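# Residue-level structure breakdown
Take a look at the letters that make up each chain.
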Amino acid sequence: MNDFIYSYPVKVYFGTDAAKKAISQELGKYGKHVMLAYGGGSVKKSGVYDTVRGMLEDAGKEIVDFSGIMPNPTYAKVQEGADLAREKQIDFILAVGGGSVIDCCKIISAQAKTEKDIWEMEFTDHEYPTEFIPMGAVVTASGTGAEMNNGAVITHEEKKIKTGVMGASAVFAALDPAYTMTLPIKQVISGAFDTLSHCMETYFGSPRTANVSDEINEAVMRNVIRNLWLLAENPEDTYARRELMWDSAMAENGILKIGKITDFQAHMIEHQLGAYTDCNHGCGLAVIHPVLYRHIYKEAVERFAHFAECVWSVSPVGKTRDEVALEGIRQLEDFIRAIGLPTNFRELGIQTDDKLLKAVAESSNIQAGCCKTLTPEEIFEILQECQ
(Lines give C-alpha, C1' and ligand atoms only; values in the text may rest on other atoms or scores of the structure.)
Protein backbone atom coordinates (compact mmCIF):
# COMPACT_ATOMS: atom_id res chain seq x y z
CA MET A 1 0.00 0.00 0.00
CA ASN A 2 1.25 3.48 -0.89
CA ASP A 3 1.63 6.31 1.66
CA PHE A 4 -1.51 8.38 2.25
CA ILE A 5 -3.21 11.10 4.28
CA TYR A 6 -6.94 10.58 4.91
CA SER A 7 -9.55 13.10 6.04
CA TYR A 8 -13.17 13.56 4.99
CA PRO A 9 -15.40 16.68 4.97
CA VAL A 10 -18.86 15.24 4.21
CA LYS A 11 -21.30 14.55 7.05
CA VAL A 12 -23.70 11.78 5.99
CA TYR A 13 -27.31 11.42 7.08
CA PHE A 14 -28.45 7.98 5.95
CA GLY A 15 -31.87 6.35 6.03
CA THR A 16 -35.49 7.29 6.70
CA ASP A 17 -36.13 11.06 6.84
CA ALA A 18 -32.45 11.77 6.19
CA ALA A 19 -33.23 15.04 4.38
CA LYS A 20 -35.45 16.31 7.17
CA LYS A 21 -32.80 15.53 9.78
CA ALA A 22 -30.01 17.10 7.73
CA ILE A 23 -31.85 20.30 6.86
CA SER A 24 -33.16 20.86 10.39
CA GLN A 25 -29.72 20.33 11.93
CA GLU A 26 -27.42 21.90 9.32
CA LEU A 27 -29.12 24.85 7.59
CA GLY A 28 -29.20 27.04 10.70
CA LYS A 29 -25.44 27.50 10.32
CA TYR A 30 -25.86 29.44 7.07
CA GLY A 31 -27.53 32.58 5.76
CA LYS A 32 -31.12 32.85 4.65
CA HIS A 33 -30.71 32.82 0.84
CA VAL A 34 -30.77 29.22 -0.42
CA MET A 35 -30.50 28.09 -4.03
CA LEU A 36 -32.63 24.97 -4.51
CA ALA A 37 -31.09 23.22 -7.51
CA TYR A 38 -32.61 20.30 -9.38
CA GLY A 39 -32.99 18.71 -12.80
CA GLY A 40 -36.15 18.14 -14.81
CA GLY A 41 -39.72 17.64 -13.72
CA SER A 42 -39.29 14.32 -11.93
CA VAL A 43 -38.57 15.85 -8.51
CA LYS A 44 -41.80 17.81 -8.78
CA LYS A 45 -43.90 14.92 -10.07
CA SER A 46 -42.62 12.66 -7.29
CA GLY A 47 -43.34 15.19 -4.53
CA VAL A 48 -39.69 15.38 -3.45
CA TYR A 49 -39.47 19.04 -4.50
CA ASP A 50 -42.47 20.10 -2.40
CA THR A 51 -41.19 18.10 0.57
CA VAL A 52 -37.72 19.63 0.50
CA ARG A 53 -39.01 23.13 -0.23
CA GLY A 54 -41.31 22.81 2.78
CA MET A 55 -38.34 21.84 4.95
CA LEU A 56 -36.42 24.92 3.79
CA GLU A 57 -39.40 27.17 4.46
CA ASP A 58 -39.77 25.69 7.93
CA ALA A 59 -36.10 26.55 8.47
CA GLY A 60 -36.88 30.19 7.62
CA LYS A 61 -35.03 30.27 4.32
CA GLU A 62 -35.67 32.43 1.26
CA ILE A 63 -35.55 30.07 -1.71
CA VAL A 64 -34.24 30.69 -5.22
CA ASP A 65 -34.99 27.89 -7.66
CA PHE A 66 -32.38 26.75 -10.17
CA SER A 67 -33.90 24.07 -12.38
CA GLY A 68 -33.20 22.30 -15.65
CA ILE A 69 -29.82 20.75 -14.82
CA MET A 70 -29.45 18.10 -17.48
CA PRO A 71 -27.83 14.66 -17.45
CA ASN A 72 -24.19 15.26 -18.45
CA PRO A 73 -24.33 18.86 -17.14
CA THR A 74 -22.81 21.48 -19.40
CA TYR A 75 -20.34 24.23 -18.65
CA ALA A 76 -22.90 26.74 -19.94
CA LYS A 77 -25.33 25.52 -17.25
CA VAL A 78 -22.63 25.99 -14.62
CA GLN A 79 -22.16 29.61 -15.72
CA GLU A 80 -25.91 30.21 -15.67
CA GLY A 81 -26.09 28.93 -12.09
CA ALA A 82 -23.07 30.96 -10.98
CA ASP A 83 -24.58 34.14 -12.43
CA LEU A 84 -27.82 33.49 -10.57
CA ALA A 85 -25.98 32.75 -7.33
CA ARG A 86 -24.13 36.07 -7.54
CA GLU A 87 -27.25 38.04 -8.49
CA LYS A 88 -29.32 36.62 -5.63
CA GLN A 89 -26.44 36.68 -3.11
CA ILE A 90 -26.88 33.00 -2.36
CA ASP A 91 -25.62 31.81 1.03
CA PHE A 92 -26.14 28.07 0.54
CA ILE A 93 -26.75 25.73 -2.40
CA LEU A 94 -28.91 22.65 -1.90
CA ALA A 95 -28.60 20.11 -4.73
CA VAL A 96 -31.59 17.76 -4.96
CA GLY A 97 -31.03 14.95 -7.45
CA GLY A 98 -28.38 12.58 -8.67
CA GLY A 99 -24.81 12.95 -9.79
CA SER A 100 -25.51 15.43 -12.59
CA VAL A 101 -27.28 17.92 -10.32
CA ILE A 102 -24.71 17.53 -7.55
CA ASP A 103 -21.74 17.85 -9.92
CA CYS A 104 -23.15 20.97 -11.53
CA CYS A 105 -23.63 22.58 -8.12
CA LYS A 106 -20.06 21.80 -7.03
CA ILE A 107 -18.73 23.96 -9.85
CA ILE A 108 -21.42 26.63 -9.49
CA SER A 109 -20.31 26.90 -5.86
CA ALA A 110 -16.73 27.61 -6.96
CA GLN A 111 -17.45 29.74 -10.04
CA ALA A 112 -19.76 32.08 -8.12
CA LYS A 113 -16.89 33.03 -5.80
CA THR A 114 -14.32 33.98 -8.44
CA GLU A 115 -14.17 36.24 -11.47
CA LYS A 116 -11.76 33.82 -13.16
CA ASP A 117 -13.12 31.30 -15.63
CA ILE A 118 -12.95 27.97 -13.75
CA TRP A 119 -12.21 25.95 -16.89
CA GLU A 120 -9.27 28.17 -17.87
CA MET A 121 -8.17 28.41 -14.26
CA GLU A 122 -7.90 24.63 -13.85
CA PHE A 123 -6.82 23.45 -17.30
CA THR A 124 -4.66 26.36 -18.48
CA ASP A 125 -3.34 27.96 -15.29
CA HIS A 126 -3.41 24.72 -13.28
CA GLU A 127 -4.88 26.52 -10.30
CA TYR A 128 -7.82 25.29 -8.24
CA PRO A 129 -10.56 27.18 -6.43
CA THR A 130 -10.25 27.73 -2.69
CA GLU A 131 -13.45 29.67 -1.98
CA PHE A 132 -16.94 28.23 -2.30
CA ILE A 133 -20.57 28.88 -1.52
CA PRO A 134 -21.36 26.12 1.03
CA MET A 135 -23.53 23.35 -0.40
CA GLY A 136 -25.38 20.22 0.62
CA ALA A 137 -26.87 17.31 -1.30
CA VAL A 138 -30.17 15.46 -1.06
CA VAL A 139 -29.59 12.35 -3.14
CA THR A 140 -32.52 11.04 -5.20
CA ALA A 141 -30.48 8.90 -7.62
CA SER A 142 -27.51 6.99 -6.25
CA GLY A 143 -24.67 5.36 -8.15
CA THR A 144 -22.24 8.14 -8.94
CA GLY A 145 -21.25 8.81 -5.32
CA ALA A 146 -21.05 12.48 -6.35
CA GLU A 147 -22.22 13.57 -2.91
CA MET A 148 -19.04 12.18 -1.37
CA ASN A 149 -16.31 14.20 -3.11
CA ASN A 150 -15.41 17.50 -4.77
CA GLY A 151 -14.88 16.20 -8.29
CA ALA A 152 -17.47 16.97 -10.95
CA VAL A 153 -17.88 15.69 -14.50
CA ILE A 154 -18.80 18.61 -16.77
CA THR A 155 -19.27 18.75 -20.54
CA HIS A 156 -17.81 21.74 -22.36
CA GLU A 157 -19.95 21.63 -25.49
CA GLU A 158 -17.90 24.11 -27.50
CA LYS A 159 -14.67 22.19 -26.86
CA LYS A 160 -16.30 18.73 -27.16
CA ILE A 161 -14.71 17.72 -23.86
CA LYS A 162 -16.37 15.92 -20.97
CA THR A 163 -14.00 15.74 -18.02
CA GLY A 164 -13.44 16.11 -14.32
CA VAL A 165 -13.45 19.60 -12.81
CA MET A 166 -12.67 20.28 -9.15
CA GLY A 167 -15.16 22.23 -7.08
CA ALA A 168 -16.80 22.21 -3.66
CA SER A 169 -17.44 19.28 -1.38
CA ALA A 170 -20.89 19.07 0.15
CA VAL A 171 -20.88 19.85 3.85
CA PHE A 172 -23.59 17.24 4.26
CA ALA A 173 -25.30 14.57 2.20
CA ALA A 174 -28.77 13.17 2.87
CA LEU A 175 -29.19 9.61 1.60
CA ASP A 176 -32.76 8.35 1.92
CA PRO A 177 -33.22 5.19 -0.18
CA ALA A 178 -36.97 5.87 -0.38
CA TYR A 179 -36.23 8.80 -2.71
CA THR A 180 -34.84 6.38 -5.31
CA MET A 181 -38.31 4.84 -5.63
CA THR A 182 -39.31 7.82 -7.78
CA LEU A 183 -36.91 6.82 -10.60
CA PRO A 184 -37.35 4.44 -13.55
CA ILE A 185 -35.79 1.09 -12.64
CA LYS A 186 -33.38 1.19 -15.59
CA GLN A 187 -31.94 4.46 -14.26
CA VAL A 188 -31.48 2.90 -10.82
CA ILE A 189 -29.73 -0.14 -12.33
CA SER A 190 -27.45 1.89 -14.62
CA GLY A 191 -26.54 4.08 -11.65
CA ALA A 192 -25.67 1.04 -9.57
CA PHE A 193 -23.50 -0.25 -12.40
CA ASP A 194 -21.61 3.05 -12.24
CA THR A 195 -20.89 2.13 -8.61
CA LEU A 196 -19.50 -1.23 -9.70
CA SER A 197 -17.44 0.56 -12.34
CA HIS A 198 -15.96 2.91 -9.72
CA CYS A 199 -15.00 -0.11 -7.65
CA MET A 200 -13.38 -1.92 -10.58
CA GLU A 201 -11.56 1.19 -11.78
CA THR A 202 -10.04 1.53 -8.29
CA TYR A 203 -9.33 -2.19 -7.88
CA PHE A 204 -7.40 -2.49 -11.15
CA GLY A 205 -5.25 0.53 -10.33
CA SER A 206 -1.87 0.15 -8.67
CA PRO A 207 -0.55 -1.42 -6.57
CA ARG A 208 -2.14 -4.65 -7.74
CA THR A 209 -0.86 -6.76 -4.86
CA ALA A 210 -2.86 -7.79 -1.77
CA ASN A 211 -3.88 -4.79 0.35
CA VAL A 212 -6.69 -3.92 2.74
CA SER A 213 -8.25 -1.30 0.43
CA ASP A 214 -8.73 -3.88 -2.32
CA GLU A 215 -10.05 -6.51 0.08
CA ILE A 216 -12.70 -4.07 1.29
CA ASN A 217 -13.37 -3.29 -2.37
CA GLU A 218 -13.97 -6.98 -3.16
CA ALA A 219 -16.67 -7.07 -0.46
CA VAL A 220 -18.32 -3.92 -1.85
CA MET A 221 -18.28 -5.33 -5.40
CA ARG A 222 -19.89 -8.57 -4.25
CA ASN A 223 -22.52 -6.56 -2.40
CA VAL A 224 -23.30 -4.44 -5.48
CA ILE A 225 -23.65 -7.56 -7.64
CA ARG A 226 -25.86 -9.39 -5.15
CA ASN A 227 -28.18 -6.44 -4.66
CA LEU A 228 -28.37 -5.64 -8.35
CA TRP A 229 -29.58 -9.19 -8.90
CA LEU A 230 -32.21 -8.67 -6.18
CA LEU A 231 -33.32 -5.33 -7.61
CA ALA A 232 -33.53 -6.66 -11.16
CA GLU A 233 -35.83 -9.42 -9.88
CA ASN A 234 -37.88 -7.12 -7.64
CA PRO A 235 -37.66 -3.34 -8.25
CA GLU A 236 -39.59 -2.73 -5.01
CA ASP A 237 -36.87 -4.33 -2.87
CA THR A 238 -36.13 -1.54 -0.38
CA TYR A 239 -33.38 -3.51 1.36
CA ALA A 240 -31.45 -3.84 -1.91
CA ARG A 241 -31.89 -0.12 -2.58
CA ARG A 242 -30.49 0.75 0.86
CA GLU A 243 -27.46 -1.44 0.30
CA LEU A 244 -26.80 -0.03 -3.17
CA MET A 245 -27.10 3.54 -1.94
CA TRP A 246 -24.39 2.98 0.67
CA ASP A 247 -22.28 0.98 -1.81
CA SER A 248 -22.36 4.06 -4.03
CA ALA A 249 -21.09 6.26 -1.20
CA MET A 250 -18.43 3.72 -0.23
CA ALA A 251 -17.08 3.61 -3.77
CA GLU A 252 -16.43 7.36 -3.75
CA ASN A 253 -15.77 8.35 -0.12
CA GLY A 254 -12.06 7.64 -0.48
CA ILE A 255 -11.89 4.46 1.62
CA LEU A 256 -11.36 2.12 -1.34
CA LYS A 257 -8.78 4.47 -2.85
CA ILE A 258 -6.52 4.73 0.18
CA GLY A 259 -2.98 3.84 -0.87
CA LYS A 260 -4.01 3.37 -4.52
CA ILE A 261 -3.33 5.00 -7.86
CA THR A 262 -6.68 4.48 -9.56
CA ASP A 263 -7.30 3.31 -13.12
CA PHE A 264 -10.48 4.99 -14.49
CA GLN A 265 -9.51 4.36 -18.12
CA ALA A 266 -13.02 3.10 -18.92
CA HIS A 267 -14.43 6.32 -17.47
CA MET A 268 -12.12 8.47 -19.57
CA ILE A 269 -13.23 6.70 -22.74
CA GLU A 270 -16.90 6.88 -21.78
CA HIS A 271 -16.64 10.56 -20.90
CA GLN A 272 -15.52 11.41 -24.40
CA LEU A 273 -18.11 9.07 -25.91
CA GLY A 274 -20.66 11.02 -23.86
CA ALA A 275 -19.24 14.34 -25.04
CA TYR A 276 -19.94 13.32 -28.64
CA THR A 277 -23.19 11.33 -28.20
CA ASP A 278 -24.73 12.40 -24.83
CA CYS A 279 -25.19 8.70 -23.98
CA ASN A 280 -26.22 7.47 -20.53
CA HIS A 281 -23.08 7.24 -18.39
CA GLY A 282 -23.72 3.94 -16.62
CA CYS A 283 -24.92 2.27 -19.80
CA GLY A 284 -21.89 3.52 -21.72
CA LEU A 285 -19.61 2.03 -19.08
CA ALA A 286 -21.50 -1.28 -19.29
CA VAL A 287 -20.62 -1.51 -22.99
CA ILE A 288 -16.99 -0.45 -22.62
CA HIS A 289 -15.79 -2.40 -19.58
CA PRO A 290 -15.75 -5.99 -20.88
CA VAL A 291 -14.24 -4.99 -24.22
CA LEU A 292 -11.55 -2.87 -22.57
CA TYR A 293 -10.70 -5.65 -20.12
CA ARG A 294 -10.28 -8.23 -22.86
CA HIS A 295 -7.77 -5.87 -24.48
CA ILE A 296 -5.67 -5.23 -21.36
CA TYR A 297 -6.00 -8.25 -19.03
CA LYS A 298 -2.71 -9.85 -20.10
CA GLU A 299 -0.85 -6.88 -18.60
CA ALA A 300 -2.24 -7.76 -15.15
CA VAL A 301 -3.40 -11.34 -15.56
CA GLU A 302 -2.95 -12.26 -11.90
CA ARG A 303 -5.08 -9.34 -10.76
CA PHE A 304 -7.83 -10.17 -13.27
CA ALA A 305 -7.71 -13.83 -12.24
CA HIS A 306 -7.96 -12.83 -8.57
CA PHE A 307 -10.94 -10.61 -9.44
CA ALA A 308 -12.59 -13.60 -11.16
CA GLU A 309 -12.07 -15.84 -8.13
CA CYS A 310 -12.92 -13.38 -5.33
CA VAL A 311 -15.75 -11.41 -6.96
CA TRP A 312 -17.31 -13.86 -9.43
CA SER A 313 -16.46 -17.14 -7.64
CA VAL A 314 -14.68 -18.58 -10.68
CA SER A 315 -13.00 -21.88 -9.82
CA PRO A 316 -9.31 -22.01 -10.81
CA VAL A 317 -9.29 -25.82 -10.93
CA GLY A 318 -8.02 -27.10 -14.28
CA LYS A 319 -7.63 -23.60 -15.72
CA THR A 320 -4.64 -21.45 -16.61
CA ARG A 321 -4.50 -17.98 -15.07
CA ASP A 322 -5.43 -16.53 -18.48
CA GLU A 323 -8.50 -18.78 -18.62
CA VAL A 324 -9.57 -17.78 -15.10
CA ALA A 325 -9.15 -14.09 -15.93
CA LEU A 326 -11.16 -14.39 -19.15
CA GLU A 327 -13.91 -16.31 -17.37
CA GLY A 328 -14.26 -13.44 -14.90
CA ILE A 329 -14.58 -10.95 -17.74
CA ARG A 330 -17.15 -13.19 -19.43
CA GLN A 331 -19.17 -13.38 -16.21
CA LEU A 332 -19.07 -9.59 -15.94
CA GLU A 333 -20.44 -9.29 -19.48
CA ASP A 334 -23.12 -11.94 -18.84
CA PHE A 335 -24.15 -10.10 -15.67
CA ILE A 336 -24.46 -6.81 -17.56
CA ARG A 337 -26.73 -8.49 -20.11
CA ALA A 338 -28.80 -10.26 -17.43
CA ILE A 339 -29.63 -7.05 -15.53
CA GLY A 340 -30.85 -5.43 -18.74
CA LEU A 341 -27.97 -3.12 -19.60
CA PRO A 342 -26.52 -2.78 -23.13
CA THR A 343 -23.45 -4.67 -24.30
CA ASN A 344 -22.85 -2.78 -27.56
CA PHE A 345 -23.45 0.67 -29.04
CA ARG A 346 -26.46 -0.52 -31.02
CA GLU A 347 -28.20 -1.57 -27.80
CA LEU A 348 -27.03 1.69 -26.20
CA GLY A 349 -29.00 3.50 -28.89
CA ILE A 350 -26.25 5.70 -30.31
CA GLN A 351 -25.17 6.19 -33.90
CA THR A 352 -21.42 5.89 -34.46
CA ASP A 353 -19.01 5.84 -37.38
CA ASP A 354 -15.24 5.69 -37.72
CA LYS A 355 -14.91 9.48 -37.80
CA LEU A 356 -16.75 9.89 -34.50
CA LEU A 357 -14.93 6.97 -32.86
CA LYS A 358 -11.55 8.35 -33.92
CA ALA A 359 -12.46 11.71 -32.43
CA VAL A 360 -13.44 10.00 -29.17
CA ALA A 361 -10.23 7.94 -29.14
CA GLU A 362 -7.95 10.87 -29.89
CA SER A 363 -9.50 13.04 -27.16
CA SER A 364 -9.68 10.40 -24.39
CA ASN A 365 -7.35 10.98 -21.46
CA ILE A 366 -4.74 8.25 -20.91
CA GLN A 367 -4.62 7.09 -17.30
CA ALA A 368 -1.35 6.35 -15.52
CA GLY A 369 -3.03 3.88 -13.16
CA CYS A 370 -4.21 1.56 -15.93
CA CYS A 371 -2.23 -1.66 -16.21
CA LYS A 372 -1.59 -0.85 -19.87
CA THR A 373 -0.84 2.60 -21.27
CA LEU A 374 -3.21 2.71 -24.21
CA THR A 375 -2.61 4.59 -27.44
CA PRO A 376 -5.39 6.41 -29.32
CA GLU A 377 -5.15 3.65 -31.95
CA GLU A 378 -5.84 0.99 -29.33
CA ILE A 379 -8.77 2.97 -27.92
CA PHE A 380 -10.16 3.25 -31.45
CA GLU A 381 -9.95 -0.56 -31.80
CA ILE A 382 -11.75 -0.99 -28.47
CA LEU A 383 -14.50 1.40 -29.58
CA GLN A 384 -14.88 -0.39 -32.88
CA GLU A 385 -15.36 -3.68 -31.04
CA CYS A 386 -18.06 -2.02 -28.90
CA GLN A 387 -20.24 -1.55 -31.99
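In what follows, the accompanying structure is described. (Residues numbered from 1 in each chain as written. Predicted model: local features only at pLDDT ≥ 70, side-chain atom pairs only at ≥ 80, totals over all residues. Heavy atoms only, no water.)

## Here we look at unusual backbone geometry
Cis rather than trans, the peptide bond between Ser206 and Pro207 has omega equal to 0°. Mapped onto the secondary structure, Pro207 falls in the loop between α7 (185-203) and α8 (212-233). With a phi angle near 55°, His126 is a residue other than glycine that sits in the positive phi range. Secondary-structure assignment places His126 in the loop between α6 (118-123) and β5 (135-139). The class for His126 is exposed, based on a relative accessible area of 56%. Phi at Asp278 is positive, roughly 60°, even though this residue is not glycine. As for its position among the elements, Asp278 is in the loop between α10 (265-277) and α11 (281-296). (Helix = DSSP H or I, 4+ residues; strand = E, 2+ residues; numbered from the N terminus. Buried < 20%, exposed > 50% of the residue type's maximum accessible area, 1.4 Å probe, protein only.)

## Side note on the pattern of salt bridges
Summed over the entire model, instances satisfying the criterion amount to 24 salt bridges. Between Lys11 and Glu26 there is a salt bridge, with its nearest N and O atoms 3.3 Å apart. In this pair, Lys11 is assigned in strand β1 (residues 11-14) and Glu26 in helix α1 (residues 18-26), connecting sequence segments 15 residues apart. Residue Lys11 is classed as partly exposed on the basis of its relative accessible area, which comes to 44%. In this structure Glu26 comes out as buried when scored by relative accessible area, which is 3%. (Salt bridge = Lys/Arg side-chain N within 4 Å of Asp/Glu carboxyl O.)

## So, the nonpolar core
Phe193, Leu196, Met200, Tyr293, Phe304 and Phe345 are the most contacted members of the largest nonpolar core, which has 67 residues in total. At nine residues, the largest contribution of residues to this core is made by α11. What Tyr293 contacts, discounting residues up to four positions off in sequence, is Met200, Glu201, Phe204, Phe304, Ile329 and Leu332. By size, the runner-up hydrophobic cluster in this structure holds 39 residues, among which are Ile69, Ala110, Met121 and Ala146. (Core = buried A, V, L, I, M, F, W, Y, C linked by side-chain atoms within 4.5 Å. Contact = heavy atoms within 4.5 Å.)

## As for the sheet that holds strand β4 (residues 92-97)
Strand order in the open sheet made by the six strands is β1-β8-β5-β4-β2-β3, with parallel pairing throughout. The open sheet has two free edges, formed respectively by β1 and β3 (62-66), since each of these has just one partner strand. Strand-to-strand twist across the sheet, computed as the mean angle between neighbouring axes with direction ignored, equals 20°. Its contacts with the sheet put α1 on β1, β4, β5 and β8 (172-175), and the angle it makes with β1 is roughly 140°. Of the strands in this sheet, β1, β5 and β8 are in contact with helix α9 (residues 238-252), which crosses β1 at around 170°. (Pairing = 2+ DSSP bridges. Axes fitted to C-alpha atoms, helices over the stretch in contact; angles between N-to-C directions.)

## Remarks on helix α3 (residues 48-58)
If you check which residues of α3 are buried, you get Val48, Tyr49, Val52, Gly54, Met55 and Leu56. Turning to α3, the residues buried within the fold contact α1, β2 (33-37), α2 (42-45), β3 and β4. Phi turns positive one or two residues past the end of α3, at Gly60, with a value near 80°.

## Remarks on the side chain of Glu201
Inspection of the secondary structure puts Glu201 in helix α7. No salt bridge is formed by the buried Glu201, whose closest oppositely charged neighbour, Lys257, lies at an N-O distance of 9.8 Å. Side-chain polar atoms of Glu201 contact the backbone nitrogen of Phe264, separated by 3.1 Å. Sequence-distant contacts of Glu201, that is, excluding residues within four places in its chain, are made with Thr262, Asp263, Phe264, Gln265, Ala266, His267, His289 and Tyr293. (Lys, Arg positive; Asp, Glu negative; His and termini not counted. Polar contact = N/O pair within 3.5 Å; in protein donor to acceptor, adjacent residues only side chain to side chain.)

## A short note on the packing of α7 against helix α13 (residues 321-338)
In the contact formed by α7 and α13, the axes pass within 12 Å of each other and the chain directions differ by 165°. Judged on the interaxial angle alone, α13 and α7 are roughly antiparallel. In this structure, α7 meets α13 at a crossing whose hand is left-handed. Taking contact as the criterion, the partners of Phe193, Leu196 and Met200 in α7 are, on α13, Leu332, Phe335 and Ile336. The class makeup of the residues in the contact of α7 with α13 is six nonpolar, no polar and no charged. (Parallel < 35°, antiparallel > 145°, perpendicular 65-115°, else oblique. Left-handed = near helix turned anticlockwise from the far one by under 90°. Nonpolar A, V, L, I, M, F, W, Y, C, P; charged D, E, K, R; others polar.)

## Notes on the packing of aromatic side chains
Per the counting criterion, the structure on display carries 16 aromatic pairs. Pairing Phe14 with Trp246 gives two aromatic rings, centres 6.0 Å apart and planes at 75°, and the pair type is edge-to-face. Residue Phe14 is found in strand β1, and its partner Trp246 is found in helix α9; the two are separated by 232 residues along the sequence. Following the ring pairs from residue to residue traces out a cluster consisting of Tyr203, Phe204, Trp229, Tyr293, Phe304, Phe307, Trp312 and Phe335. Over the ring of Tyr49 we find Lys44; its NZ or CZ atom is 4.8 Å from the centre of that ring. (Phe/Tyr/Trp six-rings, centres within 6.5 Å; stacked < 30°, edge-to-face > 60°. Lys NZ or Arg CZ within 6 Å of the ring centre and 35° of its normal.)

## A word on the side chain of Ser197
Structurally, the position occupied by Ser197 is in helix α7. Contact partners of Ser197, with chain neighbours within four places excluded, come to His267, Leu285 and His289.

## Observations regarding the pairing of strand β7 (residues 161-166)
Bridge count between strand β6 (residues 151-156) and β7: six bridges; the pairing is antiparallel. Of the residues in β7, the one forming a bridge with His156 is Ile161. In textbook terms, the turn of a hairpin is the stretch between consecutive antiparallel strands, and for β6 and β7 this stretch comprises four residues, one of which, Lys160, has a positive phi near 55°.

## Notes on the environment of Gly151
As for its position among the elements, Gly151 is in strand β6. When neighbours within four sequence positions are excluded, Gly151 is seen to be in contact with Asp103, Lys106, Val165 and Met166.

Limitation: the analysis is restricted to geometry and does not speak to function.
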